[in-house]
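# Examination of the molecular architecture
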Amino acid sequence: MTIPEPGGRGDSTRAAAVPAAVPSAASAGLRVLIVDDHSIFRSGLRAELDADLTVLGEAATVDAAILSVIDLQPRVVLLDVHLPGGRGGGGAEVIREAASRAPHTLFLALSVSDAADDVVSVIRAGARGYITKSSSGAEVSEAARRVADGDAVFSPRLAGFVLDAFGAVAGETAETTEELDRLSARETEVMRLIARGYSYKEVASTLFIAAKTVETHVSAVLRKLQLSSRHELTAWALERKLL
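Just so you know, these numbers come straight off a predicted model, no measurement behind them. (Residues numbered from 1 in each chain as written. Predicted model: local features only at pLDDT ≥ 70, side-chain atom pairs only at ≥ 80, totals over all residues. Heavy atoms only, no water.)

Okay, the overall build of the protein chain next. A tally of regular secondary structure across the protein chain gives 11 helices and 7 strands. Across the 243 residues in the protein chain, those meeting the buried criterion constitute 49%. A sequence separation of at least 24 residues applies to 69% of the contacts in the protein chain between residues at least 6 apart. Working note: accessible area of the protein chain is about 11300 Å², and carbon and sulfur atoms make up 53% of it. (Helix = DSSP H or I, 4+ residues; strand = E, 2+ residues; numbered from the N terminus. Buried < 20%, exposed > 50% of the residue type's maximum accessible area, 1.4 Å probe, protein only. Contact = heavy atoms within 4.5 Å. Areas by Shrake-Rupley, 256 points an atom, 1.4 Å probe, with all protein chains shown as cover.)

Given below as structure tokens:
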């Protein structure tokens, strides 16, 4: 079910964080913090997240979000791009101010906006992904898990903005290098799709192969390129303008 986005301007009491009880390490799943200035959206998202995600708390402003990230140390922050407070930098400001004091926390941007400027600003600040609020609770949950596992997660249309922002031109062919020569033709195809943010199932559907085969190819690519995660693979491909 799509989570509704209210039409109003947000909470009148949005200056404070709304903490939730922190579970014991034994009972905790993936620990997340929800940051959005609309209480209806926060409540709806909390209700629709998968059961293995533990919501540590909520925040409605830049200032409250920074404090909550530092105090609660979540694994993933589900972060709105446009937030009141602070110096006017919104979600990007939260990342810049809090990331160094929460070294194990990762940020997943969640917004109604799919404007290129919004996408690029939070990615440059350090977000590991960007999806729109039209995503279902299950889709947000899966994106959060992927970010926690080290992947970069983008809606397919938004991935193009990121590639352009980091100097990669769609369809551009890189010169053959020793690193690329290590990969088979099929591994190269899989590498390009994974680096663009495709899931295993999406790659399998695109290439007409089994998802398990995709997983095998990804493992081989990471091993041959001496990389440890799909996030590193995306950065590697962007640097070499392979996408």
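Moving on from the model shown.
By the burial criterion, the buried members of helix α2 (residues 62-72) are Val62, Ala64, Ala65, Ile66, Ser68, Val69 and Leu72. Buried residues along α2 sit against β2 (30-35), β3 (53-59), β4 (76-79), α3 (90-98) and β5 (106-111). Following α2 by one or two positions, Gln73 adopts a phi angle in the positive range, close to 50°.

What follows concerns the packing of helix α8 (residues 185-195) against helix α11 (residues 230-239). Angle between the axes and distance between the axes are the two parameters that describe a pair of packed helices. One way to put it is that α8 packs onto α11 with a least axis distance of 9 Å and a crossing angle of 100°. It follows that α8 is roughly perpendicular to α11 by the angle criterion. Residues Met191, Ile194 and Ala195 of α8 lie in contact with α11, whose contacting residues are Arg230, Leu233, Thr234, Trp236 and Ala237. In terms of residue class, the contact of α8 with α11 is built from 6 nonpolar, 1 polar and 1 charged. (Axes fitted to C-alpha atoms, helices over the stretch in contact; angles between N-to-C directions. Parallel < 35°, antiparallel > 145°, perpendicular 65-115°, else oblique. Nonpolar A, V, L, I, M, F, W, Y, C, P; charged D, E, K, R; others polar.)

Before going further, it helps to examine the packing of aromatic side chains. Inspection of the entire model under this criterion finds 0 aromatic pairs. The lysine or arginine in question, Lys133, covers the ring of Phe41, its NZ or CZ lying 4.3 Å from the ring centre. (Phe/Tyr/Trp six-rings, centres within 6.5 Å; stacked < 30°, edge-to-face > 60°. Lys NZ or Arg CZ within 6 Å of the ring centre and 35° of its normal.)

A full pass over the atoms with the stated rule returns 14 salt bridges. Measuring nitrogen to oxygen at the nearest pair gives 2.9 Å for the salt bridge that ties Arg145 to Asp52. With Arg145 in helix α5 (residues 137-148) and Asp52 in the loop between α1 (39-48) and β3, the pair connects residues that are 93 residues apart, well separated along the chain. For Arg145, a relative accessible area of 23% corresponds to the partly exposed category. Judged by its relative accessible area of 35%, Asp52 is partly exposed. Residue Glu142 pairs with Arg145 through a salt bridge whose shortest N-O separation is 3.4 Å. Here Glu142 pairs with Arg145, and both are found in helix α5, just 3 residues apart, close to one helical turn. (Salt bridge = Lys/Arg side-chain N within 4 Å of Asp/Glu carboxyl O.)

Quick look at the nonpolar core now. Counting residues in each nonpolar core, the largest one holds 29 residues, and the members touching the most others are Val35, Leu79, Val94, Phe107, Val122 and Tyr130. Of all elements in the fold, only β2, β3, α2, β4, α3, β5 and α4 (116-125) reach the threshold of two or more residues within this core. The element contributing the most residues to this core is α2, with 6 residues. (Core = buried A, V, L, I, M, F, W, Y, C linked by side-chain atoms within 4.5 Å.)

Here the focus is the pairing of β5. Moving residue by residue along a regular strand, the side chains alternate between the two faces of the sheet. The element β5 is extensively covered by neighbouring structure, given that 6 of its 6 residues are classed as buried. Neither face of β5 is open: one carries Leu106, Leu108 and Leu110, the other Phe107, Ala109 and Ser111, and all of them are buried. As defined by bridge partners, β4 adjoins β5 across 4 bridges and the pair is classed as parallel. Looking at the pairing, Val76 lines up with Leu106 of β5. In terms of handedness, the path from β4 via α3 over to β5 forms a crossover that is right-handed. (Pairing = 2+ DSSP bridges. Right-handed = clockwise from strand over helix to strand, strands pointing away.)

Unlike most non-glycine residues, Gln73 shows phi in positive territory, near 50°. Mapped onto the fold, Gln73 is located in the loop between α2 and β4. Taking relative accessible area as the criterion, Gln73 reaches 32% and is therefore assigned partly exposed.

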